[in-house]
Structures are given as C-alpha cells and as structure tokens.
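Descriptive structure summary
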Amino acid sequence: MNTLGHYTRLWLAGARYSIIRTMMFRADFIMWSLVELFWMAVNLLLIAVVYRHTNSIAGWGPWEMTLIVGTSMLVQRLLMGLFWTNLFEMGRNVRSGHFDFFMAQPGSPLFMVSTRKIDLDGFLNAPLALAVVLYAAHRLGLHPGIAQISLYFLFIICGLAIHYSTLLVLVSLVFWLQSAKGLEGGYFGVNEFSRLPREALRGIAAVIFVYALPVVVVTNVPARTLLYGAELGPALWLAGAAAFWLTVAILVFNRGLRRYSSASS
Amino acid sequence: MLAVLNKYRSIFVVGLQSNLVYRWNFAVRAGFSLIHLTFVFVLWGAAFAGQTGIGGFDLRQTLTYFVVMLALQFFISAMNEDYEISEEIRNGLINQFLLKPINYYLYRFSLFVSARLVSGMLALIPLLLALPLLADKLVLPAFGWNYLAAIPALAMSAVIQFTIAYCFGLLTFWFLEIQSFIILSLAVETVLGGQVFPLDLLPKWLYAASAYLPYYYQMYFPAALLTGRITEQAVVLRGLGLQFFWMVALLAIAHLLWSRGLRRHTAVGG
C-alpha cells in the first residue's frame, strides 16, 4: 500500500510540474490542442465522405463506424496525454546519455521514464473523443447499463495498455539500434487499422492486425460491448492480449536496460 | 547565366550526396507507407463491396489514385524542409548566405530537388516489390494528352509544395517555435490536397470551392490528371492557369516574408 502511495505521489508531482510548465507556454498549448482537434476532425471527415457514397463498411453503418473511430481517438488521446512524450523522449535520452537521470530517480526506471510528463493538449481532447462516442451512441439509440459502461472503460484501459506496450517495445529498440527515429511513423501506420471494423479485414491483414498486433481488437471489443453487450470470448482475448503485450514490453525494456551504459561524460 | 546555373548545380550534387547518406531513412519511411496503403486498400475495398462505383469511379481506379498519390508524395512533396529552414534561422546558419552571392530560396530549392529525387527513387523500390500483388488492382488511363498536361502540373506542384514549406520555415523570424504551425498546416494540406480521400467525392459545391485553394494543386490536381479523374480539356487548362497563379502568388509571399524577416533578424557571433 505504501508503494502505491509513493508512486501516486511521484505521478502527482510529475503532473503538477507538467501543468505549471504548460501554463508557462499557453499559446503553444492552444496551438497543440488545435492540432490534435484538427487531426480528430480529419478522421471523422473521412468517415463522413465515405458514407456519402455507401451505406455500409463491412456491415457497419455510419454511426457504428463513428463509435469505432471515437473509441480509437479516445485510446489515442489518452496515450498521447499520458505516455507519448515520455516514450518519445526516452529514445533521445538513451542516445544522449540523459537516461542516467531516470536511473537516479526514487522509483522504478520504467515508471519514471513512462510517467514523468503529461501532455495536457492530448489529455484535454480525450473528453472530446468521449463526446464523439456518446453522440454516436445517442444516434444509434443505445442505452447501455452501468455494467456495459464499466466494461467499456475497462476495455479502454486494456487497449491503452496494448498501445503503451507496443510503443515501449518499439522505443526500447534504441538500446540495441542507438536510434529509434522514424519508428513512430510505423506506429501511426499500424494504428490506422484501429479505425476499421474487424469484419473488413481478411487473410494476412486479419492475421497481422487482429491477432499479431491486436490494434483492431482494441477498438472493436469496447465498441461491440456498447452495441451488443459483453461478449466473453473477445473480452478474454483483449484482456489476454493486454497482459501478454505488457509482459513482453517490460521484458524487452529490462533486457535493454541491462545493455545501457551511460553515454555522457 | 551559365555560372549561376553551375552554382546551383553544384548545390544539387552536394544535396544528392548528403541525401544518399540517409537512404535507409527514406527506404524505411517508404516501407512504412505500404502499411498506410494496406489500410487504404482494406477501407475502400470494404466501402466498394456490393457496388460497382463510387463518385463515378470503380475500385481499381480509386486504388490507383491512392498508389499514385503515395508515389507523388516521395517525388514532389516537402518533407522536413520547413524544419531545416527554421533550424538554420534559429541557429544563425543563414548568416553565411547573407554574405555570399547565393539566393537562399534557390539554394534550398536545389537541395529540395536532390532530396526528392533520392526519396522518390527509393520509394519506387517497395512499390515495385509490391507490384505483383497490386497489378490486378490497378488501372491507368490510356496514354493521352492528360499525361502531357501532368508534366507542368507536377513541376508546379513541386514548387508550390516547397514554397509553402519555405514560408513556414521563414515564420521562425517571428516565432521561436513553429512546429505546431507546421503540423496544423499539414492536417489542412492532407485533407485539402486529396491525400485522405479523392476531393471529387466531396459535395459538388465544396469540391468547386477547393479548386480555388492552393492545396488542391499540391497533390490532387497532378494525381487526378495521371489517374484520369480529370479529363475535360477546359477543366485541365483552367486548372493549370490557377495552379500557375498560386505558384506565382506563393513565390511573392515567400519573397515578402524573406525581406520582412531579414529586417527582424539579428546576426550574432563570429
């Protein structure tokens, strides 16, 4: 319990520092919030344009698709707000030797590396993503119960764990490659698939994006929970994938950490 | 005149050499773009299921549009030129160009052309490797005069793309941090340049309005010419005219920003 309290205090101190820093550069914060907002609008615009010309994508109607896209945006905003900057900077810090700073902190290096900063602009757009989900649910005439809503958020946390883990694995490659620059491009490419219904993927694409890298499951399982209620098989699959990827990411990070030797003088 | 050309030719050759050093970066980037292409194929494949055409074009024509768009990105679009210009201003590296008989715009443009030549050729490798899988899903229009019209359109697109990036880079004279401006502009360019969906799928009035904006001529216009989405001669000529107008207008804006920005610039250090 004491350990939990200790890490909560560390996270709160980091969050306080991030908020104060963000408020020092308010114009920059507003600009970045607009950037995030605009990219979210781009995703919705694509759906709007496609459904001007078709009634269904793999059996999913426009508002069901909006539910998936909104869920994808929610996971993405939480990832951006909580972890993205930290992991992105980790690659640079390992290369430059500034990673030493995290080794000397009063906590687990993985925790310190992952949670030092929060990005308010990513965080503040998360409620907007949630608003998209709520609006889509309203248009679909859904009235989910407390259990469904709780499960939806539990699955969002599982999805966040999967995204965090895959990103951590990618960035941890810096311990071997000396540069993870450009790998985020691959991450964003793969993440595009989280905006697709499972039924749209067939063959090798389904094997890769549903089973090997479960980005499709991350959004489809929560969305289907709101639409049709909890389904045991997919729920277990999502929770299992989250546990698996988190374990792999921690193992890869720790193996990488053993290879790390300070680069600074 | 020849001496001037030789000067920028030398810069082009140096740019070619330094970009070849980063050949793996370009190759990896091109490889990742195939992931995006797979997403496009899955999404549009599902959207076309059960219908023969969307917006007057069949699935093969639509997929061809996206493949051409992807190839064009590596041949004519600005990638990190805005950041590089911004860094040169911030670090005072442009000071050397103020003392030499070199036009900074032409210097950067020579480097841009060399970089796109390298990135474009490297992007062709994964595309050619994927061609056996893609061949039956693609269709190009028969050779016609729209291909000839695409040549000046592509050249002007490259100038427009570079000049917009150049203008954003020059904003560093006024703002210390321009990254958010660039990413915001990228979102606008991505949509209105037709990279997210073919612009002709927009409502008619919105499509007509987009044709008056410079973004339309960044990517969509040449891609539409190459893939047969624009075929009417009058529309092509009008498009080329408007594209020329935007190219000149952007060059004028770039010149204005450069001369105004230099008034604010302070060269410090030896």
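Note that the structure is a prediction, hence the values are computed from the model and not measured. (Residues numbered from 1 in each chain as written. Chains lettered and ligands numbered in written order. Predicted model: local features only at pLDDT ≥ 70, side-chain atom pairs only at ≥ 80, totals over all residues.)

**Considering the overall build of chain B**
Let me state the cut-off plainly: The way it works is that DSSP assigns letters per residue, a run of H or I at least four long becomes a helix, a run of E at least two long becomes a strand, and they are numbered from the N terminus. Our exposure labels follow a C-beta count within 10 Å of each residue's own C-beta, placed from the backbone: buried means 20 or more other C-beta atoms, exposed means 12 or fewer, and partly exposed covers the counts in between. Residues are defined as contacting one another if the C-beta atoms placed from their backbone atoms lie within 7 Å.
Helices and strands together make up the secondary structure of chain B, namely 11 helices and zero strands. Element order for chain B, N to C, with α for helix and β for strand: α-α-α-α-α-α-α-α-α-α-α. When its C-alpha atoms are laid out on the principal axes, chain B stretches across 70 × 40 × 40 Å. Across the 270 residues of chain B, 39% fall into the buried class. Across chain B, the fraction of contacts at a sequence separation of at least 24, relative to all contacts at a separation of at least 6, is 83%.

**A closer look at the interface of chain A and chain B**
The test is simple: Ten residues, namely Ala, Val, Leu, Ile, Met, Phe, Trp, Tyr, Cys and Pro, are considered nonpolar, four, namely Asp, Glu, Lys and Arg, are considered charged, and the remaining ones, Gly among them, are considered polar.
Listed by partner, the interface residues are 28 residues for chain A and 26 residues for chain B. Those elements that place two or more of their residues in the side of chain A that touches chain B are α2 (26–53) and α9 (183–191) of chain A. Top contributing element to the side of chain A that touches chain B by residue count: α2 of chain A, with 14 residues. Its residues assigned to classes, the side of chain A that touches chain B shows 19 nonpolar, six polar and three charged.

**Regarding unusual backbone geometry**
Residues and elements named next belong to chain A. Phi is positive for A58, close to 50°, though the residue is something other than glycine. Take A58: it is sitting in the loop between α2 and α3 (62–96). Under the C-beta neighbour-count criterion, A58 is labelled partly exposed, with 18 such atoms within 10 Å.

**Digging into the packing of α3 of chain A against helix α6 (residues 120–139) of chain A**
Residue and element names in this part refer to chain A. Note the cut-off: As a rule, the C-alpha atoms of each element are fitted with a line to give its axis, helices using only the stretch in contact, and angles between N-to-C directions run from 0 to 180 degrees. With respect to orientation, any angle under 35 degrees is reported as roughly parallel, any angle over 145 as roughly antiparallel, any angle of 65 to 115 as roughly perpendicular, and every other angle as oblique. In this scheme the handedness of a crossing depends on how the near helix is turned from the far one: anticlockwise by less than a right angle means left-handed, clockwise means right-handed.
Here α3 crosses α6 at 165°, and the two axes come no closer than 8 Å. When the interaxial angle is binned, α3 and α6 end up roughly antiparallel. Both α3 and α6 take part in a crossing whose hand is left-handed. Residue-level contacts link W63, T66, L67, G70, T71, M73, L74, R77, L78, M80, G81 and W84 of α3 to G122, F123, N125, A126, A129, L130, V132, V133, A136, A137 and R139 of α6. Class assignment for the residues of the contact of α3 with α6 results in 15 nonpolar, six polar and two charged.

**Concerning the nonpolar core**
Applicable threshold: Throughout this description, the term nonpolar core refers to a group of buried Ala, Val, Leu, Ile, Met, Phe, Trp, Tyr and Cys residues whose C-beta atoms join them within 7 Å.
With 131 residues, the main nonpolar core has A223 and L225 of chain B as its most contacted residues. If one sorts the elements of this core by residue count, α3 of chain A sits on top with 16 residues. In this structure, L225 of chain B is in contact with N146, A149, A150, A153, I230 and V236 of chain B, ignoring residues within four places of it in sequence.

**Describing the confidence of the model for chain A**
Definition in use: The pLDDT value expresses, per residue, how confident the predictor is, ranging between 0 and 100.
Taken over all residues, the pLDDT of chain A has a mean of 89, while the share at 70 or more is 95%. Taken element by element, chain A is modelled with least confidence in α9 of chain A, mean pLDDT 77, and with most confidence in helix α11 (residues 215–228) of chain A, mean pLDDT 94.

**Topic: α2 of chain A**
What counts is decided by this rule: Expected span, for any helix, means 1.5 Å times one less than how many residues it has.
In this model α2 of chain A runs 41 Å from its N-terminal to its C-terminal C-alpha over 28 residues, within 8% of the 40 Å that 1.5 Å per residue would give. For α2 of chain A, the set of buried residues is W32, V35, E36, M40, N43 and V49 of chain A. Buried residues along α2 of chain A sit in contact with α3 and α6 of chain A together with α8 (179–192) of chain B.

**A look at the environment of L168 of chain A**
Residues and elements named next belong to chain A. Mapped onto the fold, L168 is located in helix α7 (residues 146–172). A tally of 24 C-beta atoms within 10 Å means that L168 is categorised as buried. Sequence-distant contacts of L168, defined by excluding residues within four places in its chain, comprise L87, A249 and F253.

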